[in-house]
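Summary of the model geometry
Below are the chains, spelled out letter by letter.
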Amino acid sequence: MEFNLADLFESIADVVPDREALVYVDHPGSGAERRLTYAGLDTAANRLAHHLADSGIGAGEHVGLYLYNGVEYLQTVLACLKLRAVPVNVNYRYVEEELVYLFRDADLAALVFDAEFTGRVAGALRRTTVLRHLIRVGAADAETPRPLVRPVEFTDAEAAGSPGRGFGSRSADDRFIIYTGGTTGMPKGVMWRQEDLFFAGMGGGAPTGVPVSRPGELAERVAGSGEGIVFFPTPPLMHGTSTLTAFIGFHFGQKVVLHRKFVPEEVLRTVERERVTSMSLVGDAMLRPLVDALAGPLKGTDTSSLFSVSSSGAVLSETIRERFRELVPHAVLLNNFGSSESGFNGTATDDAGPATGFRIRVNDRTTVVDPVTLVPAGVGEPGRVAQCGHVPLGYYNDPAKTAETFFERDGTRWVLLGDMATVDEHGVVTVLGRGSQCINTGGEKVYPEEVEQALKAHPDVYDALVTGVPDPTWGNRVSAVVQVREGAAEPTLEEIQEHCRPRLAGYKVPRGLVVAPFIQRSPSGKADYRWARTVAAEGRV
């Protein structure tokens, strides 16, 4: 056995077959839930894998997942891994034009999709030539246009497949592709070897401890452990973080809980009912509504089982962190830093915030390098975050971008992340922000994330994005798009500036303000800066 994700999962299912592996709850009290043991999930994945194989999908071919959260999502991922096919996440917000791009770019041979997306799939399929097999979850409306390729119903596909294994040998080199969200450009498919993803993105079987040294050790650890840890990835599985969190739960031989969509009140009810111990989310966009619900309509909800809540993909503001700690003082709040290209890089320090910046204690594979020479940056010198060791192979179908992002130094492979940062004498990294979002105003660089943290410390600001707006004098001026807290008065630009001046250098203080009824983000809470630039430039939503 190698460090192959299907082999590792099967080894765990063999030692704890009767343990509960996956619980899907539509919403508490609805009666719409499914519970699968490790043996049950393994068998379900076997059935789907055999159906795919019988339908002509072979090793190395790409299978898209255009799905909301559910048992079918993780079942399909596991089926692909067993078959040595490559799972490819598809953003369920994509409309026809974006689907055409991704279907072509990812060279999808098959697609598993939710019934409500049938019309979009039908439209996109008319403009692609590679996709040849469709599996649909649920029944489509009779009036919905039919795809050129007739879909197989998921339940029929599952029923037709053999429940046994018998898939042949696999490799640590087998692929896993994670498409980025495309919030700063067209989506890119990050190609991982499964062994590298296991260690960089899943903690090598022990994210907070000592990684396993050989594949068989993972099942040995699980066999010697008890039950009781419950993982709850609340963001969409179509974003890499949630799928990796689910696999971390599996690698501990513990229970993973899923909701179809993120609804704060329902999340808290499930935390209470399932005795969730470890919950993951993305930034203020998810933690803030949970805090509001705990302080309001769901006050008194039993969250005593929670011992950790982790966020990645977006910064948690100081104000929201403080409110959460007041309401759930027994839980550890982890403000993590990572990406689709690197996996996990580190966790924010306790003093990270507007006054000190987003300070990260990084792992020993992460550092800051000069963006030109690619050698380690000096103390206090701005550079780009980089990681070595277990890194992706590159971007699928994009050799030019791969050459820009990945490099070798002294025989070691590195990946350059899009984040600019500095490092201090103790090795603590201060993340300045995404280089692609940096605002150049009068020759000074402003990173939106820093200004956003300051804005969200304002008592009347519920959410905020910051962007640059063209300016004839300064090249660009800093402009803020804010969503006001319910019941609060709309702040004026002067009030926002007065709030920011003690927290930010003068050139970072917003010169423009748009109050919007909402802040547009991805389903996982990641910022949509293209939307923010349009709104800020036009002065209205």
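Below, the structure is looked at part by part. These numbers come from a predicted model, not from an experiment.

**Quick look at the packing of helix H3 (residues 71-83) against helix H9 (residues 240-251)**
Across the interface, H3 lies against H9 with an axial gap of 12 Å and an inter-helix angle of 75 degrees. Taken as axis vectors, H3 and H9 run roughly perpendicular relative to one another. Listed contacts from H9 to Tyr73, Leu74, Val77, Leu78 and Leu81 of H3 are Thr243, Ala246, Phe247 and Phe250. Split by residue class, the contact of H3 with H9 holds eight nonpolar, one polar and no charged.

**Looking at the environment of Thr347**
Inspection of the secondary structure puts Thr347 in strand S15 (residues 343-348). Under the relative-accessibility criterion, Thr347 is labelled partly exposed at 21%. The residues contacting Thr347, other than those within four sequence positions of it, are Leu334, Asn335, Asn336, Arg359, Ile360 and Arg361.

**Examining the packing of aromatic side chains**
Counted according to the given criterion, the structure contains 15 aromatic pairs. Centre to centre, the rings of Phe247 and Phe250 are 5.7 Å apart; their planes meet at 75 degrees, and the pair counts as edge-to-face. Here Phe247 pairs with Phe250, and both are found in helix H9, just three residues apart, close to one helical turn. Here the two residues Phe247 and Phe250 agree in accessibility, since each one is buried. Among the aromatic residues, those joined into a cluster by ring pairs are Phe9, Tyr38, Phe247 and Phe250. Positioned above the aromatic ring of Trp414, the side-chain terminus of Arg409 is 4.5 Å from the ring centre.

**Notes on the pairing of strand S22 (residues 429-434)**
Note that strand S16 (residues 358-362) and S22 share three bridges and pair antiparallel. For Ile360, the partnering residue across the bridge sits in S22 and is Val429. Here five bridges tie strand S21 (residues 412-423) to S22, and the two strands are oriented antiparallel to one another. The residue of S22 that forms the bridge with Asp419 is Arg434.

**Overview of the sheet that holds strand S25 (residues 461-471)**
Taken together, the three strands give an open sheet; going across it, the order is S25-S26-S27, and neighbouring strands pair in mixed fashion. Every other strand in the sheet has two partners, leaving S25 and strand S27 (512-516) as the edge strands with one partner each. Averaged over all adjacent pairs, the angle separating strand axes in this sheet is 25 degrees, with direction ignored. Sheet topology places strand S26 (residues 475-484) next to S27; five bridges connect them, and they run parallel. Following the sheet pairing, Val481 is matched in S27 by Val514.

**A look at the pattern of salt bridges**
Applying the stated rule across the entire model yields 37 salt bridges. Of the charged contacts, one joins Asp173 and Arg193 as a salt bridge, the two residues approaching to 2.5 Å between their closest N and O atoms. Of the two residues, Asp173 sits in the loop between helix H6 (154-160) and strand S8 (175-179) while Arg193 sits in strand S9 (residues 189-193), which places them 20 residues apart along the sequence. The class for Arg193 is buried, based on a relative accessible area of 17%. Because the salt bridges share partners, they merge into one network encompassing Asp7, Glu10, Asp14, Asp42, Lys82, Arg165 and Arg170.

**A word on the side chain of Thr402**
With respect to the element layout, Thr402 can be found in helix H13 (residues 399-405). For Thr402, a relative accessible area of 16% corresponds to the buried category. Among residues more than four places away in sequence, those in contact with Thr402 are Leu393, Gly394 and Tyr395.

**Some details on the nonpolar core**
For soluble globular proteins, the rule of thumb is that nonpolar side chains tend to be buried together. Core analysis: the biggest nonpolar cluster contains 106 residues, and Tyr66, Leu108, Leu111, Phe198 and Phe250 have the highest contact counts within it. The element best represented in this core is H3, accounting for nine residues. Apart from the residues lying within four places of it in its own chain, the contact partners of Phe250 are Phe9, Ile12, Ala21, Tyr38, Leu41, Leu74 and Val256.

**A word on the pairing of strand S4 (residues 86-89)**
Here S4 shows a buried face lined by Val86 and Val88 and a second buried face lined by Pro87 and Asn89. Sheet analysis places strand S3 (residues 62-66) next to S4, joined by four bridges and oriented parallel. Looking across to S4, one finds that Leu65 is bridged to Asn89. In terms of handedness, the path from S3 via H3 over to S4 forms a crossover that is right-handed.

**What to know about helix H11 (residues 283-295)**
Within an α-helix, residues lying three or four positions from one another point in the same direction, as the helix has 3.6 residues per turn. Look at H11: 18 Å from first C-alpha to last across 13 residues, which is about the 18 Å you get at 1.5 Å a residue. Burial analysis of H11 places ten of its 13 residues in the buried class, the great majority of the element. Residues Gly283, Asp284, Met286, Leu287, Arg288, Pro289, Leu290, Val291, Ala293 and Leu294 constitute the buried set of H11. In the core, the buried residues of H11 are packed alongside helix H10 (264-274), strand S12 (278-281), strand S13 (308-311), helix H12 (318-327), strand S14 (332-339) and S25.

**Thoughts on unusual backbone geometry**
Working note: non-glycine residues mostly have negative phi, and peptide bonds are mostly trans. Unlike most non-glycine residues, Asp107 shows phi in positive territory, near 50 degrees. Within the secondary structure, Asp107 is located in the loop between helix H4 (96-105) and strand S5 (108-114). By relative accessible area, which is 29% here, Asp107 ends up partly exposed. The backbone of Arg275 shows a phi angle near 55 degrees, a positive value even though the residue is not glycine.

**Observations regarding the packing of H4 against helix H5 (residues 118-125)**
Contact geometry of H4 with H5 gives a least axis separation of 9 Å together with a crossing angle of 55 degrees. For the element pair H4 / H5, the angle class is oblique. Along this stretch, H4 crosses H5, giving a crossing that reads as right-handed. Judged by residue contacts, Glu96, Leu99, Val100 and Phe103 of H4 engage Arg120, Val121, Gly123 and Ala124 from H5. Residue classes in the contact of H4 with H5 are distributed as five nonpolar, one polar and two charged.

Parameters and conventions
Residues numbered from 1 in each chain as written. Predicted model: local features only at pLDDT ≥ 70, side-chain atom pairs only at ≥ 80, totals over all residues. Heavy atoms only, no water. Axes fitted to C-alpha atoms, helices over the stretch in contact; angles between N-to-C directions. Helix = DSSP H or I, 4+ residues; strand = E, 2+ residues; numbered from the N terminus. Parallel < 35°, antiparallel > 145°, perpendicular 65-115°, else oblique. Contact = heavy atoms within 4.5 Å. Nonpolar A, V, L, I, M, F, W, Y, C, P; charged D, E, K, R; others polar. Buried < 20%, exposed > 50% of the residue type's maximum accessible area, 1.4 Å probe, protein only. Phe/Tyr/Trp six-rings, centres within 6.5 Å; stacked < 30°, edge-to-face > 60°. Lys NZ or Arg CZ within 6 Å of the ring centre and 35° of its normal. Pairing = 2+ DSSP bridges. Salt bridge = Lys/Arg side-chain N within 4 Å of Asp/Glu carboxyl O. Core = buried A, V, L, I, M, F, W, Y, C linked by side-chain atoms within 4.5 Å. Right-handed = clockwise from strand over helix to strand, strands pointing away. Expected span 1.5 Å × (residues − 1). Left-handed = near helix turned anticlockwise from the far one by under 90°.

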